[in-house]
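Spelled out, the chains give:
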Amino acid sequence: MNNTYYSKLIFELSQPGRTGYSLPKNDVEGYCLCQLPEALSRQQEADLPECDELTVVRHYTNSSNNNFGVDTGFYPLGSCTMKYNPKLNEELAALPAFTGTHPLQPAETVQGLLALYDDVQRILSEVTGLSRFTLNPFAGAHGELTGLMTIRAYHERRGDVLRTKVLVPDSAHGTNPASAAVCGLEVVEVKSLADGTVDVDDLKEKLKACEGRVAAMMMTNPNTLGIFERRIPEIAALVHEAGGLMYYDGANLNAILGVCRPGDMGFDVMHINLHKTFSTPHGGGGPGSGPIGVRRGLEQYLPNPQVVQQADGTYTIQSDDEALGSVSAFLGNYGIVVRAYAYLLSLGRENIAMAGKLAVLNANYIKEQLKAYYKLPIDGLCKHEFVFDGMREEYGGDHHDEDAVKTLDVAKRLLDYGFHAPTIYFPLLFHEALMIEPTETESKETLDGFIEVMKKIAEEAKADRQLLKTAPHHTPVRRLDDVLAVKAAQFAFKDLT
Ligand SMILES: *Cc1c(COP(=O)(O)O)cnc(C)c1O
């Protein structure tokens, strides 16, 4: 929408005294809708926009058209698993039986809700090969923190208090080292080999250097490059031998869903992003859900409160003294759990492996079609996602030339064609990383449409580099001047302080 009138803020559309509705004056004696005590009442009118209904409707309808989501277009944002979320899940999560329940209701009155919660915990245990789950954490990163707290509690309760080191591969998602730091642990980086997998020799050296101090190793498998870590059993044996536990970042679980299980690979603790793998709208910061699971022997450290089925079949909400304290309000984001449950039951045991297999097939299909145009630093089969390192030189890419076509230019130009950009400049292993994750929910026609546009952009780069350098050309907001934006922000903050 390029009409500047409609791109105004609602406050700019405000006209003093204008209203959508007016109610007749209340003539019922002694009746008042709001009887707030004088001390709590506002002294000044709230500064709200004053608009008629039609202006409000147009404003929000036009604003919503400027938004981009899975429901409007292809969203191949690597690492984020932006799959389509069936509307059925939304309908079910919105049922009054779920939305009308108060979190402080006695357990006897919410047995059905607790049964659903426990069922999801059990299904996740089965899917991952771990012993017990909690659905309390609010997001993946929150799950990482909770998982690491569980690991720390395990070591500390045994009196093994010197274990403060966490090994993290250099390909890891930024939340891994961040969670370790928030948990009060020290990060030790482990190098990757040229094929993108963990350098086991470097791991051995780091383990030796940290003797007696290793709390855990965090890994993602397939890793953030979409490569399956084949040496996991060996890595797990080394870390276990050194007294550490294996933490699995389950954000990429979609790639191996129903095919293999982290518990069988030797992992002890993991999180799952329900909002990635098990289908829940996400982006823009939530709400999410990051359940964590642990292997047998670690169940007692999971955080409070816990949903437990009793011998008579009923459910209770329990807190245990030995467990971690609570990490979330009540039982976490229940609405997300309902969506995940609906998704799991829709797929069923028979079809769950299909999701992962199709996600892998789709990623490989795009990779093979585009590798003649974009640099593929690690060739061979990928899992659910892969990373290009910018455009090939014959089309205008060049890491050593400032004026060459950059990944940022490709990402901006994609917006002109109605596609969300892939993840760019992550992982940090490559200068011009462009990370593509199509997910299983896209049709071959959509993938073909994306491939065609990506090829076209490469041809455009060759013919008219400036077209890319100044993209996007058709979006409501054009390319921002990052330097100017930073200066303006500094100026604004200077005023505030
Ligand atoms: C998304 C992601 C996370 C963090 O999950 P959030 O739910 O965004 O907190 C961690 N690791 C990897 C590999 C991810 O892709």
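Given the structure is predicted, the values throughout are model-derived calculations rather than measurements.

Undergrad: Is there a simple way to explain the domain arrangement of the protein in this structure?
TA: How big an interface is tends to be expressed through the accessible area that disappears when the partners come together. We note that the domain assignment places domain 1 (1-65), domain 2 (87-346) and domain 3 (357-484) within the protein. Distance from the C-alpha centre of domain 2 to the C-alpha centre of domain 3: 32 Å. Of the residues lining the interface, 21 residues belong to domain 2; the matching set on domain 3 comes to 16 residues. Regarding the contact of domain 2 and domain 3, the summed buried area is about 1300 Å², with carbon and sulfur atoms giving 65% of it. Here domain 2 and domain 3 share 0 salt bridges between them. Taken together, the connections running from domain 2 to domain 3 amount to 4 residue pairs in polar contact (both at pLDDT 80 or more). Among the residues forming the side of domain 2 that touches domain 3, the class breakdown is 9 nonpolar, 10 polar and 2 charged.

Undergrad: Teacher, can you tell me more about the sheet that holds strand β11 (residues 423-424) here?
TA: What holds strands together in a sheet is hydrogen bonding between their backbones, with the strands either parallel or antiparallel. An order of β10-β12-β11 is seen for the 3 strands of this open sheet, with the pairing classed as antiparallel. Strand pairing shows two members of the sheet lacking a second neighbour, β10 (386-389) and β11, which therefore form its edges. Note that β11 and strand β12 (residues 433-436) share 2 bridges and pair antiparallel. Within β12, the position partnered with Thr423 by the bridge is Met435.

Undergrad: How do you make sense of the site of the ligand when you look at a structure like this?
TA: All residues in the neighbourhood of the ligand are listed as Ser79, Ala139, Gly140, Ala141, Glu144, His173, Thr175, Asp249, Ala251, Asn273, His275 and Lys276. One of the backbone N or O atoms of Ala141 is found 2.8 Å from an oxygen atom in the ligand. Take Asn273: an N or O atom from its side chain is 2.9 Å from an oxygen atom of the ligand. Protein contacts shield 86% of the accessible area of the ligand, which totals 380 Å² for the unbound molecule. Contributing elements (two or more residues each) for the shell around the ligand: α5 (140-157) and α10 (274-277). Per element, the largest residue contribution to the shell around the ligand is 3 residues, and it comes from α5. Taken together, the residues of the shell around the ligand break down into 3 nonpolar, 6 polar and 3 charged.

Scoring rules and cut-offs
Here the residue index of a chain counts from 1 through its sequence in written order. Given that this is a predicted model, residues contribute local features only at a pLDDT of at least 70 and side-chain atom pairs are listed and counted only at 80 or more, while totals for whole chains, interfaces and linings are drawn from all residues. Each side-chain value is worked out from all heavy atoms of the structure, with water and hydrogens disregarded. How far each domain reaches was decided by an automatic or database domain assignment. A contact between two residues is defined here by any heavy atoms of the two lying within 4.5 Å. Two parts lose some accessible area (1.4 Å probe) when they are put together, and adding that loss for both gives the buried area. Note on definitions: salt bridges are taken to be side-chain nitrogens of Lys or Arg within 4 Å of carboxyl oxygens of Asp or Glu. Distance and chemistry together define a polar contact, namely a pair of N or O atoms within 3.5 Å, with one atom able to donate a hydrogen and the other to accept it when in protein, and with adjacent residues in sequence counting only for side-chain atoms on both sides. Residues are sorted three ways: Asp, Glu, Lys and Arg are charged, Ala, Val, Leu, Ile, Met, Phe, Trp, Tyr, Cys and Pro are nonpolar, and all the rest, Gly among them, are polar. Strands are treated as partners if at least two bridges between them are detected by DSSP. Helix numbering and strand numbering both begin at the N terminus, where a helix is a DSSP run of H or I of at least 4 residues and a strand a DSSP run of E of at least 2. Note on definitions. A residue lies near a molecule or strand when any single heavy atom of the residue is within 4 Å of it. What sets the accessible areas is the Shrake-Rupley method with a 1.4 Å probe; for residues, cover comes only from the shown protein chains.

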